[in-house]
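# Chains, contacts and geometry: an overview
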Amino acid sequence: MSCDAPTHCFIRIIEISLPFCRFFLQIEEEEGGDSFDIHISVSDPEKVGDGMNAYMAYKVTTKTSVALFRQRDFSVKRRFSDFLGLHSKLASKYLHIGYIVPPAPEKSIVGMTKVKVGKEDQSSNEFVERRRSALERYLMRTVKHPILLKDPDVLQFLESSELPRAVNTQALSSAGILRMVNKAAEAVNKMTIKMNESDAWFEEKQQHFENLDAQLRKLHASVECLVCHRKELSVNTAQFAKSAAMLGNSEDHTALSRALSQLAEVEEKIDQLHQDQANADFYLFSELLGDYVRLISAVKGVFDQRMKTWQKWQDSQMLLQKKREAEAKLQFTNKPDKLQQTKDEIKELEGRVQQGERDFEQISKTIRKEVSRFEKDRVKDFKMSIVKYLESLVQTQQQLIKYWEAFLPEAKAIS
Amino acid sequence: MLPEKLRSVSVDLNNDASLLIDIPDALCERDKVKFTVHTKTTLSSFQKPEFSVPRQHEDFIWLHDTLVETEDYAGLIIPPAPPKPDFESPREKMHKLGEGEATMTKEEYTKMKQELEAEYLAVFKKTVQVHEVFLQRLSSHPVLSKDRNFQIFLEYDQDLSVRRKNAKEMFGGFFKNMVKSADEVLIAGVKEVDDFFEQEKTFLLDYFSKIKEATAKAEKMTRSHKNIADDYIRLSATLNSLSAEESTNYYIIKFCLKLFQNFLRVCLKKVEGRVASDEELKLTELLRYYMRDIQAAKDLLYRRARALADYENSNKALDKARLKGKDVSQAEEHQKRCLQKFDTLSESGKKELTNFKARRVVAFRKNLVEMAELEVKHAKNNMTLLQGCIELLSGN
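These numbers were taken from a predicted model, which means no experiment stands behind them.

So, how was this worked out
Residues numbered from 1 in each chain as written. Chains lettered and ligands numbered in written order. Predicted model: local features only at pLDDT ≥ 70, side-chain atom pairs only at ≥ 80, totals over all residues. Heavy atoms only, no water. Helix = DSSP H or I, 4+ residues; strand = E, 2+ residues; numbered from the N terminus. Buried < 20%, exposed > 50% of the residue type's maximum accessible area, 1.4 Å probe, protein only. Contact = heavy atoms within 4.5 Å. Areas by Shrake-Rupley, 256 points an atom, 1.4 Å probe, with all protein chains shown as cover. Buried area = accessible area lost by both parts, 1.4 Å probe. Salt bridge = Lys/Arg side-chain N within 4 Å of Asp/Glu carboxyl O. Polar contact = N/O pair within 3.5 Å; in protein donor to acceptor, adjacent residues only side chain to side chain. Axes fitted to C-alpha atoms, helices over the stretch in contact; angles between N-to-C directions. Parallel < 35°, antiparallel > 145°, perpendicular 65-115°, else oblique. Left-handed = near helix turned anticlockwise from the far one by under 90°. Nonpolar A, V, L, I, M, F, W, Y, C, P; charged D, E, K, R; others polar. Pairing = 2+ DSSP bridges. Core = buried A, V, L, I, M, F, W, Y, C linked by side-chain atoms within 4.5 Å. pLDDT = per-residue confidence, 0-100. Phe/Tyr/Trp six-rings, centres within 6.5 Å; stacked < 30°, edge-to-face > 60°. Lys NZ or Arg CZ within 6 Å of the ring centre and 35° of its normal. UniProt positions renumbered as here; feature names shortened; annotations may be inferred.

This part is about the overall build of chain A. Of regular secondary structure, chain A possesses twelve helices and three strands. For chain A, the residues scored as buried account for 49% of the 415 residues in total. For chain A, restricting intrachain contacts to residue pairs at least 6 apart in sequence, the fraction spanning at least 24 positions comes to 75%. Approximately 21400 Å² of chain A is accessible, and the part contributed by carbon and sulfur atoms is 53%.

So this is what it looks like as structure tokens:
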């Protein structure tokens, strides 16, 4: 297949993709649904304090028309542990009833230490920028959740100028939360009673998320490789530019000398292009995948909470059964007090069993809704990111055309 | 049969119909490459007007070395010998691919294998080109084209390996070794009376180190481009698996991923791969070739410097002889011969070096223009495809 005519290439792509075209309509309908008009930006990282007690303060600006908020446009200052604190509160309130709470960005001891120590170099600037961007994405994902948006902790986080400091953030890091959640999963695995999955939907979905997890991790690793190579290309291009400039200086044929110097300039500009593209590779592609790998861990956690809920229900049922057996035995003995106590306990356990069943049904219902919402958002997110990424590539190509077209007359002028 | 002829880094070759040489075919047998050298000629010095012979890389080296060692050609720039065919990179990758076969899907494996086979082919084409250019430089040179060994190389329909062994014994690689360890101090230190050679010497020594540096950097840059093209293949293979996994309830994401994956594989990989290989041919190969050519020019300067040193020594010997009053005529003869040799070398050297400069400028111009044009073409292709993709995805 020849790629010399761009139209041929393009037609081939459409041929491959045509079967999927008609399903476009489906997503267009779904997209017209809820639109929460809220936008959050995290900006102006500022170092506060000195030495090891120093921290970065970020400005969190909210622009919204949602009636829940007192104003339409306002900002507050927050530090990283505040974000962790918010996440831990939300996780403790919502995870166990089946809501997918977006995980907070990871802590980084190495990265933060460099910043604290006051290293004003490129790598610590990159670290701060990476963190700022991650915090912004975290907040946007949190407020896009219709339930979480209404939560008083979220509102307080976004609105109030003073926030009580989150203590013991060691346990509160999202990694910590996930560890707790995964412990629940391990406990579930150790259970001898295998849950009788009467609902094939859950089994199917769990398998789907397992596969998705594996694929996204692989993709993430590949993209990280691309980012690395693109940065290498940038460095090598810059070095070549320098060597071309030196060659141009050494060249004694005037027109060729000038052309070589021009070549060096073009390559320098292209080096900058590669750097910009590497950033796009990273922020649009790599970080997105990293976010989703963590999000899917949260989804898996929610499925495990359902198992835990089921187990709790089963445990109460088993206890009830035992108490009923005990009651039957006590009927034949002359221990009216004990009998009454057992009867009371049975009453209580019956209540618990009923609650257990209700909880299980509720969490199952919630998870179904959550997964549907999550997948819709994921689809939109992926599609938007792919388009943005392709647009970044377009930018690069446009610049390349400009640079090389400018160089061409210089090359032709050699005689 | 090679379907495509690569344009060479040298120009104005193979224009003289009296002796036309090309390498229309080549075979790769494990480590060895067998070139088919095809000659078409109107010269009566050859037995037939058209003929082909099989040759190995070592035969080309033999030819180059015999030319270098020929005293009569001391005043000429001997075209640089073609480098040994180097399949190390694709071979290593093929090995890694074999090891990692278990960890990838069948489709990924087939795709990567195809890409590697394309890389093998690219290396193959490059080595054929560089061997062809060597012969064409010889055939278009007024003096070298008439060389007896060159004729044998083109015509002799038996295996050359016997001749090659004999040649080694005859010359013992004496002169070649001298030239190989070309003493730059000797060239730099010689007192130059001729302005032309003084300028050339300064220029060539400096230019050589600069072009060597530029070649190395260009090679690194090209390799990075290739790495990125390889990354795109891997990415597209992973995206393929991902899109297969996506739930059929959300066709849109399947569509997006499939489109993206195809884009990466078909367009970016092909176009980025093309950019990498065009850059390699027009820029890196150009620099590499002229680096070797300048070395050959330096060798000429070296031989001339040697001749000058010999002449100066013969002068001293003559003075000594005159003082002693012994073997004066002998010394006079020796001195006359040295002077003659030096003058011949200088005269032909001047011509060679002037032609060389002209040749170099023309080649640079041609390749830089072609490279710029190709870059623009690829970027425009890329853009058209990208914009089409974006339109489709944005649902317009």
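A few words on the side chain of Thr238(B). Here Thr238(B) is to be found in helix α8 (residues 195-245). The buried category is assigned to Thr238(B), whose relative accessible area is 2%. Among all residues touching Thr238(B), those that are not within four sequence positions of it are Gln215(A), Lys218(A), Leu219(A), Ser222(A) and Glu108(B).

This part covers the interface of chain A and chain B. Taken residue by residue, the interface counts 75 residues in chain A and 78 residues in chain B. Summed over both partners, the interface of chain A with chain B comes to about 7400 Å²; 74% of that surface belongs to carbon and sulfur atoms. Between Lys380(B) and Glu405(A) there is a salt bridge, with its nearest N and O atoms 3.1 Å apart. For the pair chain A and chain B, the number of links is 13 residue pairs in polar contact (both at pLDDT 80 or more). Broken down by secondary-structure element, the contributors of at least two residues to the side of chain A that touches chain B are α1 (6-21), α2 (24-31), α10 (200-250), α11 (254-331) and α12 (336-412) of chain A. Of the residues forming the side of chain A that touches chain B, the biggest block, 24 residues, is contributed by α12(A).

Take the packing of α11(A) against helix α10 (residues 328-393) of chain B next. One way to put it is that α11(A) packs onto α10(B) with a least axis distance of 11 Å and a crossing angle of 30 degrees. As judged from the angle between their axes, α11(A) and α10(B) are roughly parallel. Our pair here, α11(A) against α10(B), has a crossing hand that is left-handed. In this structure, α11(A) uses Leu256(A), Leu260(A) and Leu263(A) to contact α10(B), whose residues at the interface are Val361(B), Phe364(B), Leu368(B) and Met371(B). Looking at the contact of α11(A) with α10(B) residue by residue, the class counts come to seven nonpolar, no polar and no charged.

Here we take up the packing of helix α1 (residues 57-69) of chain B against helix α3 (residues 106-139) of chain B. Residues and elements named next belong to chain B. It is the contact of α1 with α3, at a shortest axis distance of 11 Å, that shows an interaxial angle of 30 degrees. As α1 packs across α3, the resulting crossing turns out to be left-handed. Along its contact with α1, which presents His57, Phe60, Leu63, His64 and Leu67, the element α3 presents His131, Phe134, Leu135 and Leu138. Across the contact of α1 with α3, the residue classes break down as six nonpolar, three polar and no charged.

All names here are of chain B. If you trace the three strands from one edge of the open sheet to the other, you get β1-β2-β3, paired in antiparallel fashion. A single partner strand is all that each edge strand has here, and the edge strands are β1 (19-29) and β3 (50-56). Strand-to-strand twist of the sheet, defined as the mean angle between neighbouring strand axes without regard to direction, takes the value 20 degrees. Looking at chain direction, strand β2 (residues 32-41) and β3 are connected through seven bridges and run antiparallel. Paired with Lys40 across the bridge in β3 is Glu50. Running over the sheet, helix α4 (residues 148-155) touches β1, β2 and β3 and is turned about 95 degrees from β3.

Our next topic: the pairing of β1(B). Residue and element names in this part refer to chain B. Relative to β2, β1 is paired through nine bridges, and the arrangement is antiparallel. Paired with Glu29 across the strands is Lys32, a residue of β2. Counting the residues between successive antiparallel strands, the hairpin from β1 to β2 contains two residues, one of them, Arg30, with a positive phi of roughly 50 degrees.

Once that is clear, we can look at the nonpolar core. By size, the foremost hydrophobic cluster in this structure holds 140 residues, and its most contacted members are Leu390(A), Trp404(A) and Leu368(B). If sequence neighbours within four positions are ignored, Leu390(A) has contacts with Phe260(B), Phe263(B), Leu386(B), Cys389(B), Ile390(B) and Leu393(B).

Residues and elements named next belong to chain B. Relative to the helices and strands, Phe263 resides in helix α9 (residues 251-324). Since its relative accessible area comes to 0%, Phe263 is described here as buried. Considered as a pair, Phe263 and Gln340 are 77 residues apart in the sequence and their alpha carbons are 68 Å apart.

Looking now at the confidence of the model for chain B. Low pLDDT marks regions whose predicted coordinates should not be analysed in detail. All names here are of chain B. Model confidence for chain B is summarised by a mean pLDDT of 83, while 85% of its residues fall at 70 or above. Below pLDDT 50 for its whole length, residues 1-7 participates in 17 contacts with residues either more than four positions away or in separate chains. Here the complex is predicted with pTM 0.82, and the ipTM for its interfaces comes to 0.85.

By the definition in use, this model includes 23 aromatic pairs over all chains. For the pair Phe209(A) and Phe303(A), a centre-to-centre distance of 6.1 Å together with 50 degrees between the ring planes defines the contact as tilted. One end of the pair, Phe209(A), is in helix α10; the other, Phe303(A), is in helix α11, and 94 residues separate them in sequence. Each ring, one from Tyr289(B) and one from Tyr290(B), has its centre 5.5 Å from the other, and the planes form 80 degrees; the classification is edge-to-face. In terms of burial, Tyr289(B) and Tyr290(B) fall into one category: buried. In this structure an aromatic cluster arises from ring pairing among Trp201(A), Phe202(A), Phe209(A), Tyr292(A), Phe303(A), Phe374(A) and Phe382(A). Its guanidinium or amino end placed over the ring of Phe157(A), Arg78(A) lies 5.3 Å from that ring's centre, counting from NZ or CZ. Here Arg378(A) stacks its cationic end above the ring of Phe382(A), 5.3 Å away from the centre of that ring.

Cross-referencing UniProt, the feature "coiled-coil region" (unreviewed entry) maps to residues 339-366 of chain A in the present numbering. Across residues 339-366 of chain A, helical content stands at 100% and strand content at 0%; the span's end C-alpha atoms are separated by 40 Å.

Residue and element names in this part refer to chain A. Spatial strand order, β1-β2-β3: three strands in an open sheet with antiparallel pairing. In the strand order of this sheet, the two ends are held by β1 (38-48) and β3 (73-79), each with one partner. The average angle at which neighbouring strand axes cross in this sheet is 20 degrees, direction not considered. The pairing of strand β2 (residues 55-64) with β3 spans seven bridges and is antiparallel. By the bridge assignment for β3, Lys59 is matched with Lys77. The sheet strands contacting helix α3 (residues 80-94) are β2 and β3, and the helix crosses β3 at an angle near 100 degrees. Set on the sheet, helix α7 (residues 152-159) makes contact with β1, β2 and β3; between it and β3 the angle comes to about 95 degrees.

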